[in-house]
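Chain residues, written in single-letter form:
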Amino acid sequence: FRIYRAWNNFSTVSIRNEAAGYLGAHYLIENGHKNIAIMLGSETDLSVGQLRFEGYKRALLESGIPFTKENVMYGKYDINIAYKATKSYLRTHPEITAIFAISDMMALGAAKAISDLKMRVGEDISVLGFDGTDVAKYYQPTIATIKQPQDKLAKESVELLFNLLEKKGDNKQILLETELIKGDSVKK
């Protein structure tokens, strides 16, 4: 009861991060991937990264694919760190067929590392990002991504804020859906 009352003291507008992580991993599984690495931000991320990670693990579990900690990389939401982490990881894990990076910037770093290791993104190793940034559609091959509804997140946040300031409403926790944007970086 005490926790529920605490939620009434503030407002949030976010996406369904766990469901989005599930959506991404499930998409890779639907495309026949069983050796799926995930690139998280950091080991200490207990917020959105952890929720996306939980969705990834749930998709594996429901598909009968065992989760292994060896399939976890950390890219610190940085393209250069993601690049280095992917290069190092793929040298010791050649069995990986897909990488799910929980940000598009890390996905771009992973894709560049794959190319520099003389493998083909989408053909040899599939890459899925997260955010739906414009850069994902201009990369070659286009990066499949989980798109966050940025405009709707902004609109809901502003409306919520004005309603609170004008005392027209109470604090709310609003969760929005994401969308899978297919790209050439994911293939069967």
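Note that the structure is predicted; figures quoted are calculated from it, not measured. (Residues numbered from 1 in each chain as written. Predicted model: local features only at pLDDT ≥ 70, side-chain atom pairs only at ≥ 80, totals over all residues. Heavy atoms only, no water.)

**A word on unusual backbone geometry**
Then comes step 1: With an omega of 5 degrees, the peptide bond between Q140 and P141 qualifies as cis.
Then comes step 2: Mapped onto the fold, P141 is located in the loop between helix 6 (134-138) and strand 6 (144-147).
Then comes step 3: In the Ramachandran plot, K118 falls in the positive-phi region, its phi being about 65 degrees despite a non-glycine side chain.
Then comes step 4: Mapping K118 onto the fold places it in the loop between helix 5 (104-116) and strand 5 (126-131).
Then comes step 5: Phi is positive for K167, which is not a glycine, with a value near 55 degrees.
Then comes step 6: Along the chain, the position of K167 falls in the loop between helix 7 (150-165) and strand 7 (173-176). (Helix = DSSP H or I, 4+ residues; strand = E, 2+ residues; numbered from the N terminus.)

**Quick look at the pattern of salt bridges**
Then comes step 1: Tallied over the entire structure, the rule returns 10 salt bridges.
Then comes step 2: With its nearest N and O atoms 3.4 Å apart, the salt bridge here joins R58 to E62. Taken together, the residues span about one helical turn, with R58 and E62 both in helix 3 (residues 48-62) at a distance of 4 residues. (Salt bridge = Lys/Arg side-chain N within 4 Å of Asp/Glu carboxyl O.)

**Things to note about a nonpolar patch on the surface**
Then comes step 1: A surface patch of nonpolar side chains, amounting to about 400 Å² of accessible area, comprises V158, L161, F162 and L165.
Then comes step 2: Its place among the elements puts L165 in helix 7.
Then comes step 3: Overall, L165 belongs to the exposed group, its relative accessible area being 59%. (Patch = residues over 30% accessible without salt bridge, like charges linked within 9 Å, V, L, I, M, F, W, Y side chains within 5 Å. Areas by Shrake-Rupley, 256 points an atom, 1.4 Å probe, with all protein chains shown as cover. Buried < 20%, exposed > 50% of the residue type's maximum accessible area, 1.4 Å probe, protein only.)

**Side note on the pairing of strand 5**
Then comes step 1: Across the 6 residues that make up strand 5, a large majority, 6, are buried.
Then comes step 2: Residues S126, L128 and F130 line one face of strand 5 and the alternating positions V127, G129 and D131 line the opposite face, and both faces are buried.
Then comes step 3: The pairing of strand 4 (residues 98-101) with strand 5 spans 3 bridges and is classified as parallel. Pairing of I99 across the sheet is with V127, part of strand 5.
Then comes step 4: Following the chain from strand 4 across helix 5 to the adjacent parallel strand 5, one finds a crossover that is right-handed.
Then comes step 5: Pairing of strand 5 with strand 6 involves 4 bridges; the strand directions are parallel. Within strand 6, the residue paired with F130 across the bridge is I146. (Pairing = 2+ DSSP bridges. Right-handed = clockwise from strand over helix to strand, strands pointing away.)

**Observations regarding the sheet that holds strand 3 (residues 72-74)**
Then comes step 1: Here we have 6 strands laid out as an open sheet, ordered 3-2-4-5-6-8, and mixed in their pairing. A single partner strand is all that each edge strand has here, and the edge strands are strand 3 and strand 8 (179-181). Adjacent strand axes in the sheet meet at a mean angle of 20 degrees, parallel and antiparallel pairs treated alike.
Then comes step 2: One ladder, built from 3 bridges, connects strand 2 (residues 36-40) with strand 3; its direction is parallel. Paired with M39 across the strands is M73, a residue of strand 3.
Then comes step 3: Most of the contacts of helix 4 (residues 79-92) go to strand 3, to which it runs at about 145 degrees, and overall it touches strand 2, strand 3 and strand 4.
Then comes step 4: Across the sheet, helix 5 lies against strand 2, strand 4, strand 5 and strand 6, angled at about 160 degrees from strand 5, the strand it touches most. (Axes fitted to C-alpha atoms, helices over the stretch in contact; angles between N-to-C directions. Contact = heavy atoms within 4.5 Å.)

**Points about the pairing of strand 6**
Then comes step 1: Sheet topology note: the strand 6/strand 8 ladder contains 3 bridges and is antiparallel. The residue of strand 8 that forms the bridge with I146 is L180.

**A short note on the side chain of S103**
Then comes step 1: Inspection of the secondary structure puts S103 in the loop between strand 4 and helix 5.
Then comes step 2: Setting aside residues up to four positions removed in sequence, S103 forms contacts with Y77, G129, F130 and D131.

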